[in-house]
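Take a look at the letters that make up each chain.
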Amino acid sequence: MSSEILVILVVALLLDRVVGDPDWLWSRLPHPVVFFGKAIAVLDGALNRHDALEPAALRLRGVVAIGLLLLASAVVGAVLHTLFGAMGLLGFLLEAVVVAVLLAQKSLGDHVGRVAEGLRHGGLEGGRAAVSMIVGRDPKTLDAPGVCRAAIESLAENFSDGVVAPAFWYAVAGLPGLLAYKMLNTADSMVGHKSPKYLHFGWASARLDDVANLPAARLSILLIAAGALLRRGRVAAADAIGVALRDHGLHRSPNSGWPEAAMAGALDLQLAGPRIYGGVRVSEPMINGPGRAIAESEDIDAGIAVFYGACSVMTLAVLLIAMI
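Residues numbered from 1 in each chain as written. Predicted model: local features only at pLDDT ≥ 70, side-chain atom pairs only at ≥ 80, totals over all residues. Heavy atoms only, no water.

Draft legend 1. Quick peek at the overall build of the chain. Scanning the chain from terminus to terminus reveals 11 helices and four strands. Compactness check: the chain gives a C-alpha radius of gyration of 20 Å against a globular reference of 20 Å for 324 residues, within 12% of the reference. C-alpha extents for the chain along the principal axes are approximately 55 × 50 × 40 Å. When burial is assessed residue by residue, the chain has 50% of its 324 residues classed as buried. Pairs at least 24 apart in sequence give 71% of the contacts found in the chain among residues at least 6 apart. With 26 positive and 28 negative side-chain charges, the chain shows a spacing of 2 Å between the two charge centroids. (Helix = DSSP H or I, 4+ residues; strand = E, 2+ residues; numbered from the N terminus. Rg over C-alpha atoms; globule rule 2.2 N^0.38 Å. Buried < 20%, exposed > 50% of the residue type's maximum accessible area, 1.4 Å probe, protein only. Contact = heavy atoms within 4.5 Å. Lys, Arg positive; Asp, Glu negative; His and termini not counted. Charge placed at Lys NZ, Arg CZ, Asp CG, Glu CD.)

Here you go:
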């Protein structure tokens with residue numbers, strides 16, 4: 001964790017906060033995550049022959065696949081860092097741009113904000129259309145409070161694995177660590193679910209992703225609490241930490257429960273609970289059961305304010321550490 005890496009991270013966080021992922025750019029160029037997806041798809045097609053192999057053999061092939069993907073992404077990261085290091089100030093700026101592209105502050109805030117706007121200007125159908133862009137559950141099963149809860153849950157979860165985790169792994173291991181994390185996170189989203197095709201082949205990707213996101217999930221509750229302190233006061237900050245410590249285990253994910261419970265406490269809302277994915281009902285208890293049961297579009301706005309407050313605190317913390 002060198003001072004140079006941390007300064008680059010600060011620049012990248014500021015750049016991502018201001019610019020984000022502009023549509024005019026990524027409508028013309030493929031996003032780097034697209035290349036991660038193509039690499040994963042190649043190995044999936046080559047190694048995931050679930051109709052002819054035993055579960056143990058599929059698991060082994062999944063281990064080999066994710067191992068090769070992580071090694072390749074780390075090597076690419078190391079090569080890029082070496083090239084940038086030889087380019088002086090220009091290389092410093094280019095590395096900051098690469099890091100910024102792989103963060104998701106502004107894009108996440110914008111996407112979640114569109115849900116609130118959809119509800120306000122297009123009613124329930126407008127909210128459902130907007131939330132369908134950021135969550136996997138069936139939007140037709142959601143009423144207006146359900147749309148709001150889904151947006152806030154996505155905001156909290158993706159703050160952890162779309163902002164805190166990539167920043168953490170870049171700070172710890174530079175571009176090799178960042179690219180390896182993004183490869184792993186992409187692999188988890190593509191092959192890490194428990195469908196018949198990926199139950200065994202995607203096992204290693206899912207378990208490694210859980211491990212990789214463990215530090216960020218815990219850090220995220222402190223950052224959300226700090227964001228709540230800035231935007232909503234001391235009681236909200238204390239509730240964010242208290243609910244996270246109490247209710248994180250109510251979520252089926254070993255990591256997502258931490259930021260979601262922290263956000264539930266910060267906003268005094270019930271989150272999670274029963275929901276439907278692909279026609280299958282997932283029954284879970286409500287996180288922060290004593291909180292308010294009815295979420296509104298204003299709660300999405302409040303969640304975004306807490307989120308940006310948490311992002312600001314993280315950027316300041318990285319800068320202070322770099323100066324030590």
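Draft legend 2. How the structure looks around the packing of aromatic side chains. This model, assessed by the stated rule, comprises three aromatic pairs. Their ring planes at 90 degrees and their centres at 5.7 Å tell us that Phe159 and Phe307 sit as a pair that is edge-to-face. Taken together, the residues Phe159 in helix α7 (residues 144-191) and Phe307 in helix α11 (residues 297-323) connect sequence positions 148 residues apart. Side by side, Phe159 and Phe307 carry an identical accessibility label, which is buried. Connected via pairs of aromatic rings, a cluster forms that spans Phe159, Phe307 and Tyr308. (Phe/Tyr/Trp six-rings, centres within 6.5 Å; stacked < 30°, edge-to-face > 60°.)

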